[in-house]
Number of protein chains: 2
Amino acid sequence: MSNKRHGTSGIEGSGVAYKIPLMSEAHPDRTDACLIALRRILRATEQYERSLAQAAGLTSAQLRVLQIVAARGQAGATPKALAMQMRVSQATVTALVDKLVARGMVTRFRSRTDGRQTDVVITPKGDETATSAPDALQQRFVRAFEGMRDWEQAQLVSSLERVAAMLDAERIDASPVLTIGEIKDDQPGA
Amino acid sequence: MSNKRHGTSGIEGSGVAYKIPLMSEAHPDRTDACLIALRRILRATEQYERSLAQAAGLTSAQLRVLQIVAARGQAGATPKALAMQMRVSQATVTALVDKLVARGMVTRFRSRTDGRQTDVVITPKGDETATSAPDALQQRFVRAFEGMRDWEQAQLVSSLERVAAMLDAERIDASPVLTIGEIKDDQPGA
DNA sequence: TGGCGTTTGTTCGACATGCTAACGAACCTA
DNA sequence: TAGGTTCGTTAGCATGTCGAACAAACGCCA
């Protein structure tokens, strides 16, 4: 009766996820399959982030800050830059940085060139944490990815980028760009 | 710090024009590109979910519950099933359902067959909300997807599924949060 | 029938993210 | 020097999420 197994709820349900007719024309199934795969990706990521953060003793938001700051090295990053990069408010950044400071992961320095600014700089401990924190998701992905054949890799890259473009198109307006590893120094003077 | 060797400052963010400098055997750039694309996908989704939820007057978590419940129709779903499907604790589900009940989106019925259980059933209003709530992310994606050529669609599907498989494979242990059994109980027979 | 362990859902208390609004300090410009 | 702007922080609020404790219902078993 009501226990007919949960699952078949469109996107959420994973019940449909596995067998899809790959070779057909104009299939709504195909769209579904994409959506479902996307959901799976999202969900897997979510979960990984959580467990990761747990393992590292930090929450994922904190870790994100830590990673950005770590990538900046001694230059540090201002709360404003962090906020822009992470797309959250400065208030949120303040809270996150507070926690990292409390844990000895980063330090705040008042900028000498501009008294309003604060440089959030990584500490040795923070750096170690950032580096050692195994981003399980990425590692898994990287491992699998590098085991693929060349053409498969190429295809995957283009597919993912395509999807990314489809999704975040025109959502990037006045914000500084993405990030993962790179951080652009945003001089508003530009 | 996603990647310590992310020295390629050319692949970031918005400008992602897919430029891969070197095409040797090892393609760290390619891996980076994938990860970055993935991040973009994640973030875009996050943001869309938020704005969506805002537009619909519901938060994304609530909407997720609503969608699942709506998909179950009159059968409803138990909090336990919801918790498993969403991978959150029952306590969380209770809180979410509370809010949906308060908004008249769903109703709780005590199960007649098992007094311990509760069936969360969608209301007409909830159903309308669930259906009308435009999942902006999906819509955007669907639109773009359906504008693609056939072979492109096929390729995208297989790429996404591949990634999904890479990410959520074998992750069902080792982590407190994701212990649930939802994944395996919809195995298609294998 | 009665008792005891188990399952299910809820309540409670604690934290984390994230926001907006208000505010003070520093800066810049006129 | 005055006024406006930028930056960071503080304060207050809403939400999600968890674990622990708990009550009710179930099931099994003697």
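Anything mentioned here points back to the structure above.
Residues numbered from 1 in each chain as written. Chains lettered and ligands numbered in written order. Predicted model: local features only at pLDDT ≥ 70, side-chain atom pairs only at ≥ 80, totals over all residues. Heavy atoms only, no water.

A.B. asks: Just to check I follow, could you spell out the pattern of salt bridges for this structure?
C.D. replies: It is possible for side chains of opposite charge to pair when their charged atoms get near one another. If you walk through the whole model with that rule in mind, you get 8 salt bridges over all chains. Close ionic contact of A:Asp114 with A:Arg116 constitutes a salt bridge, the shortest N to O distance being 2.8 Å. Judged by relative accessible area, A:Asp114 falls into the buried class, the value being 18%. Here B:Arg149 makes a salt bridge to B:Glu152, at a shortest N to O gap of 3.5 Å. For B:Glu152, a relative accessible area of 12% corresponds to the buried category. (Salt bridge = Lys/Arg side-chain N within 4 Å of Asp/Glu carboxyl O. Buried < 20%, exposed > 50% of the residue type's maximum accessible area, 1.4 Å probe, protein only.)

A.B. asks: Hey, could you run me through the protein's contact with DNA strand C in this one?
C.D. replies: Not every one of the 24 residues close to DNA strand C is listed here, only the nearest: A:Thr59, A:Ser89, A:Gly115, B:Lys80 and B:Arg108. A breakdown of the atoms of DNA strand C within 4 Å of the protein gives sugar and phosphate a share of 78%. In the environment of DNA strand C, a phosphate oxygen lies 2.9 Å from a nitrogen or oxygen atom belonging to the side chain of A:Thr92. In the model, a base nitrogen of DNA strand C is placed 3.2 Å from a nitrogen or oxygen of the B:Gln90 side chain. Of all the secondary-structure elements, those providing two or more residues to the surface near DNA strand C are helix 2 (60-72) and helix 4 (90-102) of chain A together with helix 3 (79-86) and helix 4 (90-102) of chain B. Residue composition of the surface near DNA strand C, by class: 6 nonpolar, 10 polar and 8 charged. (Near = heavy atom within 4 Å. Polar contact = N/O pair within 3.5 Å; in protein donor to acceptor, adjacent residues only side chain to side chain. Helix = DSSP H or I, 4+ residues; strand = E, 2+ residues; numbered from the N terminus. Nonpolar A, V, L, I, M, F, W, Y, C, P; charged D, E, K, R; others polar.)

A.B. asks: Is there a simple way to explain the environment of A:Met105 in this structure?
C.D. replies: All names here are of chain A. Note on placement: Met105 falls in the loop between helix 4 and strand 1 (106-110). Considering only alpha carbons, one finds Met105 and Thr123, 18 residues apart in sequence, at a separation of 5.4 Å. Residues within four places of Met105 in sequence aside, it is in contact with Leu58, Leu66, Leu100, Val121, Ile122, Thr123, Lys125, Gly126 and Thr129. (Contact = heavy atoms within 4.5 Å.)

These figures capture arrangement, not role.
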